[in-house]
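Listed here are the chains, written in short residue letters.
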Amino acid sequence: MTKNTDAYYRALTSRDPRFDGVFFVGVTSTGIYCRPICPAKTPKQANCRFFESREAAEKESFRPCLRCRPELAPGNAPVDDARRIAYLIVNRIEEGLIDENGNLENIAAQFELSSRQIRRIVQKELGVSPIELIQTRRLLLAKQLLTETKLPITEVAFASGFSSLRRFNDAFRSHYRMPPTRLRKKVIEHEVEINSTDTSIVQLTYRPPYDWQGVLEFLSARRVKDAEWVTKDSYYRTVRLGKYKGWVAVKHLPEKRTLLVEFTHSLTPVLPALLGRLRNLFDLNARPDLIAAQLMQDKILKKAVTKNPGLRVPGAFDGFELAVRAILGQQVTVKAATTLACRFVEAFGEKIVTPFPELNRLSPLPERIAKISVDSIAKLGIVNARAKSIIALAQACVSGKLQLDAGAIPDIAIKQLVAIPGIGLWTAHYIAMRALRWPDAFPKEDIAIRNNLGGVTAKQAEEMSQVWRPWRSYAVLHIWRNPGPPSRRKARS
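For every chain, the first residue of the written sequence is number 1, and numbering continues from 1 along that sequence. With the structure being a predicted model, the display of local features is reserved for residues of pLDDT at least 70 and the display and counting of side-chain atom pairs for 80 or more, all residues being used for whole-chain, interface and lining totals. The side-chain figures draw on all heavy atoms in the structure; neither hydrogens nor water molecules are used.

Another aspect to go through is the packing of aromatic side chains. Pairing of aromatic side chains here covers Phe, Tyr and the six-membered ring of Trp, requires ring centres within 6.5 Å, and sorts the geometry by plane angle: under 30 degrees stacked, over 60 edge-to-face, intermediate tilted. Considering all chains together, one arrives at 22 aromatic pairs under this definition. Criterion for a charge above a ring: Arg CZ or Lys NZ at most 6 Å from the ring centre, at most 35 degrees from the ring normal. If you follow arginine 222 out to its NZ or CZ, it ends over the ring of phenylalanine 218, 3.7 Å from the centre. Of note, arginine 277 hangs over the ring of phenylalanine 317, and the distance from its end group to the ring centre comes to 5.7 Å.

Spacing of three or four residues puts side chains on the same side of an α-helix, whose turn is 3.6 residues. A rise of 1.5 Å per residue sets the reference length of helix α8 (residues 165-176), with its 12 residues, at 16 Å; its end C-alpha atoms lie 16 Å apart and thus fit the reference within 8%. Burial here depends on accessible area, computed with a 1.4 Å probe over protein chains only, as a share of the maximum for the residue type. Under 20% is buried, over 50% is exposed, and the range in between is partly exposed. Numbering of helices and strands runs from the N terminus; a helix is a DSSP stretch of H or I covering at least four residues, while a strand is a stretch of E covering at least two. Every buried residue of α8 is accounted for by Phe168, Ala171, Phe172 and Tyr176. The buried side chains of α8 occupy one side of the element, clustering within an arc of 100° when seen end-on. Of the exposed residues in α8, the ones pointing more than 90 degrees away from its buried face are Arg166 and Ser174. Looking one or two places after α8, you find arginine 177, whose phi comes out positive at around 60°. A helix's residues, less one, multiplied by 1.5 Å, set its expected span. Each direction from the helix axis to a C-beta atom contributes to the arc, which is the arc of those directions.

Moving on, we get to the sheet that holds strand β6 (residues 228-230). The sheet built from five strands is open, its strands ordered β5-β9-β8-β7-β6 with antiparallel pairing. In the strand order of this sheet, the two ends are held by β5 (199-205) and β6, each with one partner. The mean inter-strand angle of the sheet, taken between neighbouring strand axes irrespective of direction, is 25°. Strand pairing requires that DSSP identify at least two bridges connecting the strands. Fitted lines through C-alpha atoms serve as axes, helices being fitted only where they are in contact, and the angles separating the N-to-C directions of these axes extend from 0 to 180 degrees.

Moving on, we get to the packing of helix α14 (residues 319-328) against helix α18 (residues 384-399). Axis separation between α14 and α18 bottoms out at 10 Å; the angle between their running directions is 160°. Accordingly, the angle class assigned to the pair α14 and α18 is roughly antiparallel. Every pair of crossing elements has a handedness; the one defined by α14 and α18 is right-handed. Here Phe320, Ala323, Val324, Ile327 and Leu328 of α14 lie close against α18, whose contacting residues are Arg386, Ser389, Ile390, Leu393, Ala394 and Cys397. Note on residue categories: nonpolar means Ala, Val, Leu, Ile, Met, Phe, Trp, Tyr, Cys or Pro, charged means Asp, Glu, Lys or Arg, and polar means any other residue, Gly included. A per-class count over the contact of α14 with α18 returns nine nonpolar, one polar and one charged. What sets the label is the angle itself: under 35 degrees gives roughly parallel, over 145 gives roughly antiparallel, 65 to 115 gives roughly perpendicular, and the rest give oblique. Handedness of each helix crossing follows the sense of rotation of the near helix against the far helix: counterclockwise by less than a right angle gives left-handed, clockwise gives right-handed. Contacts: residue pairs with any heavy atoms within 4.5 Å of one another.

Written out as C-alpha cells, the structure is:
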C-alpha cells in the first residue's frame, strides 16, 4: 500500500471498529498481520506495513493473527464497475464456479473483456492474482472452521474448496508454517456450545452500528411461509445450493459485532457459497460511516439517518427467488405480494424435512418454473401477465443469459431485465438494489418514495436523489421507513 501511512497508523491506534476490514496491518517484527481492532499491543509505526486486503498481506508472507482473526473482518461493498467485477469474481469463487486453474474466460465474456483484463482488474483492486485470491480465501475459511467448529480436518479441507487433503495440508504448512492440527490445538474453544452433532456454528462480522431489529422486521414482513421463519430475534430458512439441501439459523451477538450462523452439515460442501449469500442477505459489508456521511448532507434525509444510524439494505439469498417476489410485488401492497409468494412456494417448492415445523419447503428452482404453463401460475391468483413474466425470467436464468449475482454490473442486468415483458424499471431497480447488491439503485417510479418526498414526479425524485449518490439504495430504505409529516411533504412538492 502506497497511501498515507501516518493516517493508517492513527486509525490503527484508535482501534475504531469503523476501520475493521478497510485495511490490515502487517507487523514486520513478528511476521503476523492483524485487523485494526486487534487487542494486542500496538506495534511501532516503523514495524507496520498496511494492506487493503488480507490477500495482499498474505502475498507478502504475513500470517493471520490468532487473536483478532483477520478471516472474520467484514468486507467492503463494491461501488464502481472495476470493484464490482473483482467482487463478482470473489462471488464466483465462493459459488465454486472457478476451477483451481483460475479459468476466467466465462466471466470475462460476460463483461466483454479478455481474461487478461480480468486479471489486471483483480490485481489492481485486491493486490493479488486470481490464483492467489482463490488460495487465500480457501485458507482463511479453513482457519475459521478449524477455530470455530468440530468438523473433522478432512471435511474442513473439502468445505474450504480444496480438492484433496494433501493439497490442503501442503498449502496450510506453506502459508502458515504449521500443520492444521496444531492450529486446532492452539485455539480456545468457541464460546457457543454446539448442541447437535448435525450442525455447526460460525461467525459473520459487520461494522457497527447495525440495526438487527430493522433487518428482521423487513424480512419478516416479506417472509415466505414454509421456506423462511422469522422470530423476534432470529432468522431461519431452508437452503438449496446445487444438489445440497439443508437449513440455516442466524442470530445476533451484538457485543461481538457478529451474526452467529448455525448450518446443517449437509451444507458443508457448499459452505463458501452459503456464507457469501448470507453476508449479502444481511448486508454485512456495508460502510455505515461513509453512507451516513453522504446522506446526512441532505436536510431531507438528515433526521432519518440520525434516527436509524445502522440501517441496512437487506439483500437476497437467491437472485431468482427475489426477482419472482419483485414481479409479484408490482402495483400491490407488501402484504398482498407476500401472500402470492407464499402460494407460489407452496405450489412449486420441493418439500424438505427440518426440525422446525415452520420450515418444510425449498424455494422453487428456475429450471422447474421455466417448464410450467401460464395457467398453473395464474390459478394461484396471479394475473396472466405476471405469470408470463415469471416464466420468461426463469427461462432467461436457465439459459445463462441473465445473471442475478451479487456484484454483477447493474447497467447490464437492468437492461436485460427490462427486456423481459412485464418487467419495468421499478422492478429492475428493486432487483438491482437487493439481489445485485447495487448501493446506488433508485426505483424513482415507486409511489411511496414520491409521496414521502412530497408528492413529486418520478423525474423530480430522480433529480432530488443525485445528492445521495452512490448510496441511493440506503436512501430508499430511509424514505420507506421514515415518511415526513404532511406539512414537510407539501413544502417540498
